[in-house]
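Results of the structural survey
What follows is each chain in one-letter form.
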Amino acid sequence: MDKLTTLGEFIVERQSDFPFAKGELSRLLSAIRLAAKVVNREVNKAGLVDDILGSAGQENIQGETQQKLDVYANVQMINALRAQHEVCGIGSEENDDFIAFDKGESMWGKYIVMMDPLDGSSNIDVNVSIGTIFSIYRRKTKPGTVAQLEDFLQPGLDLVAAGYIIYGSSTMLVFSTGHGVNGFTLDTSIGVFCLSHPNMRIPEDGKIYSINEGNYKQFPEGVKRYIKYCQEEDEATQRPYTSRYIGSLVADVHRNMIKGGIYIYPATGINPNGKLRLMYENIPLAFIVEQAGGVASDGKNRILEITPEELHQRTPLFIGSKNMVEQAEAYMAEHSEVAVRK
Ligand SMILES: O=P(O)(O)OC[C@H]1O[C@](O)(COP(=O)(O)O)[C@@H](O)[C@@H]1O
Ligand SMILES: [Mg+2]
Ligand SMILES: [Mg+2]
């Protein structure tokens, strides 16, 4: 059997990919790697321990009831990143405002991390794949000062690295520093992430469409027309496509990364800007999917080119195989005049 490459070895080997000081990326990623293992341990035995399933009994700024695992994963990620002193601030789905480390070594950290500590919260208690999403930027303000909002509201084009962890039948960490995408699977017997999916490429075409059709009535006309296109019978284009919706963004995007496909969370009457958050869901996944040869937009604009205005702002998301997303965008452009029905 070929020698397994561990995540640690891979990062060291790829140091040249990272134009900044030696060791900074590996320390940053090793913090995320450690937090991922700790969260994975809790996820794997979630049913056995009664203090990790269910609601935490409080709401986050999005008005969503936080699950205990949302809070647990948030704390694990924050503690692991703080301990590495490379990060001067964190923006998290579970914290109303950004966290700026204002004491000690961390103030000298050159990076900020945006994160969705636990993605797919509605699937936690039902043993369906969930994940963690993260993105890494260089700070804009001077090291040694307290991080400011401008350090967090950076467009995806300025990303240094991004990735996700998927806690599924196996646990994987998939990331990119802008030089392709690589996936590592956790070998739980030795507690090490090993390279299992080198240089991931998303097929340009796929036969899977992923959208919560329960909101169909509220969809923009362009999306309704695209769904109709996916459902039509046409042998030449192997339609009808298959509908798959896990309800965990990370898991739906990961499946499409491997098999080809499109995931859409459009604007709806209830969520006129869509449901998903630009800074810690759409941008990091758009970075990964584009690095793998796919496309990601809000139905019109490239996600990575959107200028962020708020920490928790939402945008529609059309992401996945190049030809499928471009087709959906064409339908949106053709029917853009028809407003979203309440
Ligand atoms: O239930 P809906 O409206 O289809 O939304 C499902 C989407 O919401 C999310 O759960 C939002 O993410 P969080 O779980 O991190 O809040 C996505 O993972 C998922 O794709
Ligand atoms: Mg999420
Ligand atoms: Mg979340």
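All values reported here derive from a predicted model rather than from experimental measurement. (Residues numbered from 1 in each chain as written. Chains lettered and ligands numbered in written order. Predicted model: local features only at pLDDT ≥ 70, side-chain atom pairs only at ≥ 80, totals over all residues. Heavy atoms only, no water.)

Attention now moves to the domain arrangement of the chain. Considered domain by domain, the chain is made up of domain 1 (7-197) and domain 2 (208-334). In this structure, domain 1 and domain 2 have C-alpha centres spaced 23 Å apart. Contacts between domain 1 and domain 2 engage 48 residues on the former and 31 residues on the latter. Across the interface of domain 1 and domain 2, roughly 2900 Å² is buried in total on both sides, 67% from carbon and sulfur atoms. Per-residue buried area on domain 1 facing domain 2 is highest for Ile 133, Leu 153 and Tyr 164; these three make up 20% of the total on that side. In this assembly, domain 1 and domain 2 are joined by two salt bridges. Secondary structure elements with two or more residues in the side of domain 1 that touches domain 2: β5 (111-119), β6 (130-138), β7 (161-167) and β8 (171-176). For the side of domain 1 that touches domain 2, the leading source of residues is β6, giving seven residues. Class assignment of the residues belonging to the side of domain 1 that touches domain 2 gives a composition of 23 nonpolar, 19 polar and six charged. (Domains from an automatic or database assignment. Contact = heavy atoms within 4.5 Å. Buried area = accessible area lost by both parts, 1.4 Å probe. Salt bridge = Lys/Arg side-chain N within 4 Å of Asp/Glu carboxyl O. Helix = DSSP H or I, 4+ residues; strand = E, 2+ residues; numbered from the N terminus. Nonpolar A, V, L, I, M, F, W, Y, C, P; charged D, E, K, R; others polar.)

The feature "binding site: Mg(2+) 2" (unreviewed entry), as annotated in UniProt, sits at Asp 116, Asp 119 and Glu 281 in this numbering. For the annotated residues, spread through 166 residues, the largest C-alpha to C-alpha distance comes to 8.6 Å, consistent with a single compact locus. For Asp 116, the location among the structural elements is in strand β5. Here Asp 116 is in contact with Glu 93, Gly 131, Thr 132, Ile 133, Tyr 280 and Glu 281, once residues within four sequence places are set aside. Note on Glu 281: relative accessible area 1%, which makes it buried. Here Glu 281 is in contact with Asp 116, Asp 119, Ile 133, Leu 249 and Leu 276, once residues within four sequence places are set aside. (UniProt positions renumbered as here; feature names shortened; annotations may be inferred. Buried < 20%, exposed > 50% of the residue type's maximum accessible area, 1.4 Å probe, protein only.)

The magnesium ion (ligand 3) binds to the protein through Glu 93 (OE), Asp 116 (OD) and Leu 118 (O); the donor distances cover 2.0 to 2.2 Å. In this structure, the magnesium ion (ligand 3) is positioned 3.7 Å from the magnesium ion (ligand 2), and both are ligated by Asp 116. Of this pair, Glu 93 sits in the loop between β3 (87-92) and β4 (99-100) while Asp 116 is found in strand β5, placing the two residues 23 residues apart along the sequence. In this pair, the class of Glu 93 matches that of Asp 116, namely buried. (Donors = N, O, S within 2.8 Å, 3.2 Å for Na, K, Ca; no water.)

A separate point is the pattern of salt bridges. A complete count under the given rule lists 15 salt bridges for this structure. A salt bridge links Asp 252 to Arg 255, with the nearest nitrogen and oxygen atoms 3.0 Å apart. Of this pair, Asp 252 and Arg 255 are both found in helix α6 (residues 249-259), three residues apart, which corresponds to roughly one turn of the helix. The pair Asp 252 / Arg 255 is uniform in exposure class, with both members buried. Linking Arg 302 and Glu 290 is a salt bridge whose minimum nitrogen-to-oxygen distance equals 2.7 Å. Linking Arg 302 in the loop between β14 (295-297) and β15 (317-320) with Glu 290 in helix α7 (residues 278-291), this pair joins segments that are twelve residues apart in sequence. A relative accessible area of 31% means that Arg 302 is categorised as partly exposed. Looking at Glu 290, the relative accessible area reads 22%, which means it is partly exposed. Counted as one network, the salt bridges with shared partners bring together Glu 64, Glu 93, Arg 277 and Glu 281.

Moving on, we come to the environment of Ser 189. Mapped onto the fold, Ser 189 is located in the loop between β9 (182-187) and β10 (192-197). Once the C-alpha coordinates of Ser 189 and Ser 92 are considered, the two residues, 97 residues apart in sequence, prove to be 31 Å apart. Among the polar contacts listed, one links the side chain of Ser 189 to the side chain of Asp 187, at a separation of 2.4 Å. (Polar contact = N/O pair within 3.5 Å; in protein donor to acceptor, adjacent residues only side chain to side chain.)

The local shell around ligand 1 holds 17 residues, among which Asp 119, Asn 212, Tyr 245, Leu 249 and Tyr 265 are the closest. Bound to the protein, ligand 1 loses 88% of the 470 Å² it would expose on its own. Only β5 and β13 (262-265) provide two or more residues apiece to the shell around ligand 1. For the shell around ligand 1, the element with the most residues is β5, which contributes three residues. Partitioned by chemical class, the residues of the shell around ligand 1 number five nonpolar, five polar and seven charged. Counting contributing residues, the shell around ligand 1 receives three or more from each of domain 1 (7-197) and domain 2 (208-334). (Near = heavy atom within 4 Å. Areas by Shrake-Rupley, 256 points an atom, 1.4 Å probe, with all protein chains shown as cover.)

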